[in-house]
Amino acid sequence: MAYDPAVRWRARAWALVAYLAVLAAVAGIVLFALRYQPLSAANFASESVAQSDSKMVRVGYENGGAFSFGFLVVNDGPLPVKIQRIEVTGQSDLLVTVGLETAANRYAGSLGQGDPSLDKFLPFTLAGGDRRWIAVRTRFGNCGRFAAGASETYTRFKVTYSVLGFTKHAWVPLPKDIGVDSPPDYACPTRAA
């Protein structure tokens, strides 16, 4: 067989086309995974409060008191996602998260302390179209960091999740906003001191 340089260059050109096609496919998958955020929230429930409407729950601050609420985390996409962490409030807020609990396949759940259907939060996987009930336990704190009458409104939560091997963070809107007003000076021992 004689050496034909034209055939050799044609083979190299086809190999380059094949490599570029594979590279484009991998880049497309990576770009899709980086932009993919299928999570939402639904079905809000809370302990009874003095003021509530369809968009907001207003919670009265009680020094040393507690407040619990819950919602569904929903995977609206077709791919499974692994929920690794959920953060609703920070340690310097008027509401401080002290615990998270979950229940599979709940559409609106009990918030009762010690409910046997609620389990301590551990990382879990949500299949496409699946949902999981999240119960959030908070306590009132840090009123000394806020002026009397100042308020905080919680409108979203931060979720850390994995999809297609990538770990991502997303801010997901709560189904209802939660408002907390800082108490007057006489009701906040750390501010009065």
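Residues numbered from 1 in each chain as written. Predicted model: local features only at pLDDT ≥ 70, side-chain atom pairs only at ≥ 80, totals over all residues. Heavy atoms only, no water.

K.L.:
What exactly am I supposed to notice about the sheet that holds strand β4 (residues 66-75) here?
P.N.:
The strands that make up a sheet pair up through hydrogen bonds in the backbone, lying either parallel or antiparallel. The 5 strands lie next to each other as β1-β4-β9-β6-β7, forming an open sheet whose pairing is antiparallel. A single partner strand is all that each edge strand has here, and the edge strands are β1 (39-46) and β7 (119-120). As defined by bridge partners, strand β6 (residues 95-104) adjoins strand β9 (residues 131-140) across 9 bridges and the pair is classed as antiparallel. Within the sheet, the bridge partner assigned to T102 lies in β9 and is I134. (Pairing = 2+ DSSP bridges. Helix = DSSP H or I, 4+ residues; strand = E, 2+ residues; numbered from the N terminus.)

K.L.:
Help me understand the state of the cysteines in this model?
P.N.:
Working definition: the covalent bond between the sulfur atoms of two cysteines is a disulfide. In this structure the tally under the stated criterion is 1 disulfide. Between C143 and C188 runs a disulfide, and the two sulfur atoms are separated by 1.9 Å. The chirality of the disulfide connecting C143 with C188 is right-handed, given an S-S dihedral of about 90°. You can see C143 sitting in the loop between β9 and β10 (151-163) and its partner C188 sitting in the loop between β11 (166-181) and α2 (189-192), a full 45 residues away along the chain. (Disulfide = S-S within 2.5 Å.)

K.L.:
Would you explain the environment of I86 in this entry?
P.N.:
Relative to the helices and strands, I86 resides in strand β5 (residues 81-87). The exposure class assigned to I86 is buried, which follows from its relative accessible area of 6%. Sequence separation between I86 and A103 is 17 residues, and the spatial gap between their C-alpha atoms is 14 Å. (Buried < 20%, exposed > 50% of the residue type's maximum accessible area, 1.4 Å probe, protein only.)

K.L.:
Help me out: how do you make sense of the pattern of salt bridges in this one?
P.N.:
Where charged atoms of side chains with opposite charge meet at close range, the side chains can pair. A full pass over the atoms with the stated rule returns 3 salt bridges. The partner of R58 in a salt bridge is D181, with the nearest N and O atoms 3.1 Å apart. With R58 in strand β3 (residues 56-59) and D181 in strand β11, this residue pair connects regions lying 123 residues apart in the sequence. Assessed through its relative accessible area of 22%, R58 is described here as partly exposed. (Salt bridge = Lys/Arg side-chain N within 4 Å of Asp/Glu carboxyl O.)

K.L.:
For this particular structure, what's the right way to read the packing of aromatic side chains?
P.N.:
To describe a pair of aromatic rings, you give the distance between the ring centres and the angle between the ring planes. Inspection of the entire model under this criterion finds 6 aromatic pairs. Centroid distance F71 to F157: 4.7 Å. Interplanar angle 35°. Geometry classified as tilted. Taken together, the residues span a long stretch of sequence, with F71 in strand β4 and F157 in strand β10 at a distance of 86 residues. Pair check on accessibility: F71 and F157 agree, each one buried. Relative to F124, the ring of F121 has its centre 5.7 Å away and its plane inclined at 75°; by these criteria the two rings are edge-to-face. Just as F121 is buried, F124 falls in that class too. Put simply, the rings of F44, F67, F69, F71 and F157 touch in pairs and so form one group of aromatic residues. The ring of W9 is capped by R12, whose NZ or CZ atom sits 5.0 Å from the centre of that ring. Of note, R156 hangs over the ring of W171, and the distance from its end group to the ring centre comes to 4.4 Å. (Phe/Tyr/Trp six-rings, centres within 6.5 Å; stacked < 30°, edge-to-face > 60°. Lys NZ or Arg CZ within 6 Å of the ring centre and 35° of its normal.)

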